[in-house]
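Observations on chain architecture
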Amino acid sequence: MKKKLLSLALALALCLGLAVPALAAEDAAPEVSISRETPDNSGVIWEGETIDLKLVGFARSGSNNSRITYGTYEPNPDYMEDFEGWDNFYTPFVPKGMDIVVTGAAAEDIILQAFSAKDMEEGPWDKPEGTYFFYRLFTWETGKDVSIAPLDMDDPMAFEYDDPKDGKHNVSGHVTAADVGFQTNGDGNLVLDSQRLYALFGECDLLKVMAADFSWVMMYRLSGEPTLISDVFDDVDTGTWYTDPVAWAWQNDIAGGKTETSFAPGDDCTQAQILTFLYRAEREEDVKPSAKDMELAISWAKEKGMIDDGFDGNAPCTRATAVRYIWQAFGKPSAAASSFTDVDSGADYAGAVSWAVEQGVTTGSNAEGTAFSPDKVCNRGEIATFLWRAYN
């Protein structure tokens, strides 16, 4: 998960009361978490957008409520009614190949709803123009696959469906994850895998995933083919050890390319460059990169005591220098001593190396994990990887 997108989603969840489990003070239920996941080194750009959430739901009529039409406009869902700005909802994209993973909940306790978007010059019941999201209707015969009732998007308000109500057929505006075949795996995770999601919801625009007790809810946008970092930089291929780190650094405005089309992962990184990357990772999230960032980063590093007036920004950044700068940016936390044979316990970077090992920032420079190679110069791909591991 990317640092800035993750923090944005978390902030929205906290302020809107979303995706946050409601736990009793005593005998608390297991914590439920939800995330998006992609295969390692896929280079997927973790996109999302804020939408104006206008929902149009179902209404039933007839002697036995078997006739179903669109007849309920929901401008203010119950779970958001107490929050100002409820209609501006952040919706992470879920492209093909990206799974949604729920931890701490059974498949039977997770509810799925689907919506299709329609741009309307005039909304239902004389509501303002804009994009409206129409609940989709699930239908299935007991013991058989779930499907979505067809919907004419040219005129969705003309939708009608006759519920057989024969005890054999099920008609609903929602299903559980278990209803559509998802089950918790051996790790205790409920993986809503991309292939199944697109097979069932591919014609929809919005997917709601929520707990059965309504303690949390998340909205996702099904977005088709993913945007990859290889679409941005022609020298960052899918499947390399630095693919995901570069994607994270680029997307979060931490490290750009050396040109518009190349990241130059194999080029040596200078000390001024790593300080610039660190400064961007630490500052306010909505600040865009600028030509002044390197100057600002050096001033920032001096204020934090990371460098002094003798600092040479053009000096190459070694592995020892890289982990020391990152460690200092994190407040110089203590850690158990590392066991590298080439790191002297009295070195000024020894504490940084120990912390970096403990946090998974590095495992060493050789397969055996016995050497750190403190004097080896880092390239841009290695620095992006160190930072990605530190902030994730």
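Please read all numbers here as calculations on a predicted model, not as lab measurements. (Residues numbered from 1 in each chain as written. Predicted model: local features only at pLDDT ≥ 70, side-chain atom pairs only at ≥ 80, totals over all residues. Heavy atoms only, no water.)

This part covers the environment of P39. Assignment of secondary structure puts P39 in the loop between β1 (33-37) and β2 (48-52). Expressed as a C-alpha distance, the spacing of P39 and G97, which sit 58 residues apart in the sequence, is 7.7 Å. (Helix = DSSP H or I, 4+ residues; strand = E, 2+ residues; numbered from the N terminus.)

What follows deals with the pairing of strand β4 (residues 67-74). Inspection of the sheet shows strand β3 (residues 55-61) paired to β4 by seven bridges, in the antiparallel sense. Paired with A59 across the two strands is T69, which belongs to β4. Here β3 folds back onto β4, and the loop between the two strands holds five residues, one of which, G62, carries a positive phi near 95°. In the sheet, β4 pairs with strand β11 (residues 160-162) via three bridges, with the strands oriented antiparallel. Opposite T69, over in β11, you have E160 as the bridge partner. (Pairing = 2+ DSSP bridges.)

Okay, unusual backbone geometry next. Trans peptide bonds make up the majority, and among non-glycine residues the majority have a negative phi. The residue N65 is not glycine, and still its phi comes out positive at about 55°. Note that N65 resides in the loop between β3 and β4. The exposure class of N65 is partly exposed, given its relative accessible area of 38%. Despite not being glycine, D253 shows a phi value in the positive range, around 60°. (Buried < 20%, exposed > 50% of the residue type's maximum accessible area, 1.4 Å probe, protein only.)

The next point concerns the pattern of salt bridges. Side chains bearing opposite charge may pair, as long as their charged atoms lie close to each other. Tallying each qualifying case throughout the model produces 14 salt bridges. Two residues, E141 and K144, come together in a salt bridge whose shortest N-O distance is 3.6 Å. For K144, a relative accessible area of 52% gives the class exposed. The partner of D293 in a salt bridge is R280, with the nearest N and O atoms 2.9 Å apart. Note that D293 is positioned in helix α5 (residues 293-303) and R280 in helix α4 (residues 271-282), a separation of 13 residues in sequence. Given a relative accessible area of 12%, R280 falls into the buried group. When salt bridges with common partners are traced through the structure, they connect E141, K144 and K168 into a single cluster. (Salt bridge = Lys/Arg side-chain N within 4 Å of Asp/Glu carboxyl O.)

Across the sheet, which stays open at both edges, the three strands sit in the order β10-β9-β12 with antiparallel pairing between neighbours. Each end of this open sheet is capped by a strand with a single partner; those strands are β10 (147-148) and β12 (169-172).

Looking at the protein chain as a whole, its pLDDT mean stands at 89, while 89% of the residues score no less than 70. Here residues 1-29 scores under 50 on pLDDT; set against residues more than four positions off or in separate chains, the count is 61 contacts. This stretch, residues 76-85, has a pLDDT under 50; its non-local contacts, to residues over four places away or in other chains, come to 16 contacts. (pLDDT = per-residue confidence, 0-100. Contact = heavy atoms within 4.5 Å.)

Scanning all chains against the criterion turns up 17 aromatic pairs. Considering the side-chain rings of Y70 and F134, the 5.1 Å spacing of their centres and the 75° angle between planes classify their relative orientation as edge-to-face. One end of the pair, Y70, is in strand β4; the other, F134, is in strand β8 (residues 130-135), with 64 residues separating them in the sequence. F134 matches Y70 in its accessibility class, with the two residues each being buried. Judged by centre distance (6.5 Å) and plane angle (85°), the ring pair of F233 and W250 falls under edge-to-face. Note that F233 is positioned in the loop between β16 (217-222) and α3 (243-251) and W250 in helix α3, a separation of 17 residues in sequence. Here the aromatic cluster, defined as three or more aromatic residues joined through ring pairs, consists of F58, Y70, F115, F134, Y135 and F159. The aromatic ring of Y132 is capped on one face by K54, whose charged end is 5.6 Å from the ring centroid. In this structure, R319 packs its charged tip against the face of F372, placed 4.6 Å from the ring centre. (Phe/Tyr/Trp six-rings, centres within 6.5 Å; stacked < 30°, edge-to-face > 60°. Lys NZ or Arg CZ within 6 Å of the ring centre and 35° of its normal.)

Spatially, the three strands line up as an open sheet ordered β1-β6-β14, and their pairing is antiparallel. One side of each edge strand has no neighbouring strand; the edge strands of this open sheet are β1 and β14 (189-192). Pairs of neighbouring strands in the sheet enclose a mean axial angle of 20°, with direction left out of account. (Axes fitted to C-alpha atoms, helices over the stretch in contact; angles between N-to-C directions.)

Turning to the environment of E260, a few remarks are in order. Along the polypeptide, E260 turns up in the loop between α3 and α4. Take E260: its relative accessible area is 76%, and that puts it in the exposed class. Taking C-alpha positions, E260 is 7.6 Å from F233, a pair spaced 27 residues apart along the chain. Aside from chain neighbours lying at most four places away, what touches E260 is V232 and F233.

Of the volumes computed, that of the second largest pocket is approximately 270 Å³. The wall of the second largest pocket is formed by 17 residues, among which A255, G256, T276, F277 and R280 lie closest to the centre. Elements that contribute at least two residues to the lining of the second largest pocket include exactly α4 and α5. Counting residues per element, the lining of the second largest pocket draws most heavily on α4, at four residues. Residues that form the lining of the second largest pocket fall into these classes: seven nonpolar, five polar and five charged. (1 Å grid on protein atoms, 1.4 Å probe; cavity = no way out; pocket = protein on both sides within 12 Å on 5 of 7 lines; lining within 4 Å. Points joined across faces, edges and corners; volume = space filled by probe spheres on them. Nonpolar A, V, L, I, M, F, W, Y, C, P; charged D, E, K, R; others polar.)

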